[in-house]
Amino acid sequence: NAGVTQTPKFQVLKTGQSMTLQCAQDMNHNSMYWYRQDPGMGLRLIYYSASEGTTDKGEVPNGYNVSRLNKREFSLRLESAAPSQTSVYFCASRATPGSYDGNTIYFGEGSWLTVV
Amino acid sequence: EDQVTQSPEALRLQEGESSSLNCSYTVSGLRGLFWYRQDPGKGPEFLFTLYSAGEEKEKERLKATLTKKESFLHITAPKPEDSATYLCAVQKNTGNQFYFGTGTSLTVIP
């Protein structure tokens, strides 16, 4: 029972490099999210996708792009990484309203990204 | 402005010493309030969802309660394995976004 799976777990980038964080969920959820977590700042929403084919900006979208590849997969891309993007990134998916677990968000294990 | 505030930031308890964590929120139109546990190096793990004032949920040594402006996570006779960061989040009636607090770091000393 995998739930939400993120790759890679750890990554070090140089300033200006690009990379894509991959996320997949096997719970047949419609909504998926990308958050970043920084000390003292809590979890902040970068982008979310309410359903396949749709994406919306969250609180801190600048410097990021997303792709909802299909219902299972939601990727986050850093086109030109900056030191300010050093963070822990979490992908999450949300149970469908009306389902047994209602609106619950389920998180992946995180991706630790360092930009030097 | 929509805001979620958790207190205290950090809490140290002796094993068996009961206490409560607080989550206060200022959002218009609450759909649900969520509690998560996060261990170091891991993703948040879902604990409870509360939907209306007066609602209570329990799981082992944890009990979550909800009023119109805040939620409490009561920890009864904690054990060292309860040590973690506890996160609170709220979802508004409108939209798909969830707003998280910065968490309370709980340490239970044997």
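Since the model is a prediction, treat every value here as computed from it, not as a measurement. (Residues numbered from 1 in each chain as written. Chains lettered and ligands numbered in written order. Predicted model: local features only at pLDDT ≥ 70, side-chain atom pairs only at ≥ 80, totals over all residues. Heavy atoms only, no water.)

**So, the overall build of chain B**
Consideration 1: When helices and strands are tallied, chain B shows 0 helices and 11 strands.
Consideration 2: For chain B, the C-alpha radius of gyration of 13 Å lies close to 13 Å, the compact-globule estimate for 110 residues.
Consideration 3: Within chain B, buried positions represent 45% of all 110 residues.
Consideration 4: For chain B, contacts bridging at least 24 residues in sequence account for 55% of all contacts bridging at least 6. (Helix = DSSP H or I, 4+ residues; strand = E, 2+ residues; numbered from the N terminus. Rg over C-alpha atoms; globule rule 2.2 N^0.38 Å. Buried < 20%, exposed > 50% of the residue type's maximum accessible area, 1.4 Å probe, protein only. Contact = heavy atoms within 4.5 Å.)

**Describing the confidence of the model for chain B**
Consideration 1: Confidence in the prediction for chain B averages 94 pLDDT; 99% of positions are at 70 or higher.
Consideration 2: By mean pLDDT, strand S10 (residues 98-100) of chain B is the weakest element of chain B at 90, and strand S11 (residues 104-109) of chain B is the strongest at 98. (pLDDT = per-residue confidence, 0-100.)

**Details of the interface of chain A and chain B**
Consideration 1: Facing the 24 residues of chain A at the interface are 19 residues of chain B.
Consideration 2: When the two sides are added together, the surface that chain A and chain B hide from each other amounts to roughly 1700 Å², 55% of it contributed by carbon and sulfur.
Consideration 3: Of all residues in chain A, Leu43(A), Asn103(A) and Phe107(A) give up the largest surface area on contact with chain B, accounting jointly for 27% of the area buried on that side.
Consideration 4: The interface formed by chain A and chain B contains 1 salt bridge. (Buried area = accessible area lost by both parts, 1.4 Å probe. Salt bridge = Lys/Arg side-chain N within 4 Å of Asp/Glu carboxyl O.)

**Description of the environment of Arg94(A)**
Consideration 1: Here Arg94(A) shows up in strand S9 (residues 87-94).
Consideration 2: Judged by relative accessible area, Arg94(A) falls into the buried class, the value being 4%.
Consideration 3: It is 5.7 Å that separates the C-alpha atoms of Arg94(A) and Thr104(A), two residues lying 10 residues apart in sequence.
Consideration 4: Other than its neighbours up to four places away in sequence, Arg94(A) contacts His29(A), Asn30(A), Ser31(A), Tyr33(A), Asn103(A), Thr104(A), Ile105(A), Gln91(B), Asn96(B) and Phe98(B).
Consideration 5: Of note is the side chain of Arg94(A), whose polar atom sits 2.9 Å from the side chain of Tyr33(A). (Polar contact = N/O pair within 3.5 Å; in protein donor to acceptor, adjacent residues only side chain to side chain.)

**Points about the side chain of Thr65(B)**
Residues and elements named next belong to chain B.
Consideration 1: Counting through the fold element by element, threonine 65 comes out in strand S7 (residues 62-66).
Consideration 2: Separated by 3.4 Å, the side chains of threonine 65 and histidine 74 make a polar contact.
Consideration 3: Once residues within four sequence positions are removed from consideration, threonine 65 is found in contact with Leu50, Glu55, Glu56, Glu70, Ser71, Phe72 and His74.

**Focus: the pairing of strand S1 (residues 4-7) of chain A**
Side chains on a regular strand alternate between the two faces of the sheet.
Residue and element names in this part refer to chain A.
Consideration 1: Along S1, the buried face is formed by Val4 and Gln6; none of Thr5 and Thr7, which line the opposite face, is buried.
Consideration 2: In the sheet, S1 pairs with strand S3 (residues 19-25) via 4 bridges, with the strands oriented antiparallel. Within the sheet, the bridge partner assigned to threonine 5 lies in S3 and is alanine 24. (Pairing = 2+ DSSP bridges.)

**Thoughts on the sheet that holds strand S8 (residues 70-75) of chain B**
All names here are of chain B.
Consideration 1: In spatial order, the strands read S1-S3-S8-S7-S6; together these 5 strands make up an open sheet with antiparallel pairing. Each edge of the sheet is formed by a strand with only one pairing partner; in this case those strands are strand S1 (3-7) and strand S6 (56-59). Neighbour-to-neighbour, the strand axes of this sheet turn through a mean angle of 15°, independent of strand direction. (Axes fitted to C-alpha atoms, helices over the stretch in contact; angles between N-to-C directions.)

**Considerations on the pattern of salt bridges**
Consideration 1: By the definition in use, this model includes 9 salt bridges over all chains.
Consideration 2: Put simply, Asp39(B) and Arg37(B) hold a salt bridge, and the shortest N to O gap is 3.0 Å.
Consideration 3: The closest approach of N and O atoms between Asp82(B) and Arg61(B), which form a salt bridge, is 2.8 Å. Taken together, the residues span a long stretch of sequence, with Asp82(B) in the loop between S8 and strand S9 (84-92) and Arg61(B) in the loop between S6 and S7 at a distance of 21 residues. Just as Asp82(B) is buried, Arg61(B) falls in that class too.
Consideration 4: Among the charged side chains, a network of salt bridges with common partners joins Arg36(A), Asp38(A) and Arg44(A).

**Topic: the layout of surface pockets**
Rolled over the atoms, a probe sized like a water molecule indicates the empty space that remains.
Consideration 1: The space that makes up the largest pocket amounts to roughly 390 Å³.
Consideration 2: What lines the largest pocket is a set of 15 residues, and nearest its centre among them are Arg44(A), Glu59(A), Asp2(B), Tyr99(B) and Phe100(B).
Consideration 3: Those elements that provide at least two residues to the lining of the largest pocket are strand S5 (42-49) of chain A together with S1 and S10 of chain B.
Consideration 4: Class assignment of the residues belonging to the lining of the largest pocket gives a composition of 7 nonpolar, 4 polar and 4 charged. (1 Å grid on protein atoms, 1.4 Å probe; cavity = no way out; pocket = protein on both sides within 12 Å on 5 of 7 lines; lining within 4 Å. Points joined across faces, edges and corners; volume = space filled by probe spheres on them. Nonpolar A, V, L, I, M, F, W, Y, C, P; charged D, E, K, R; others polar.)

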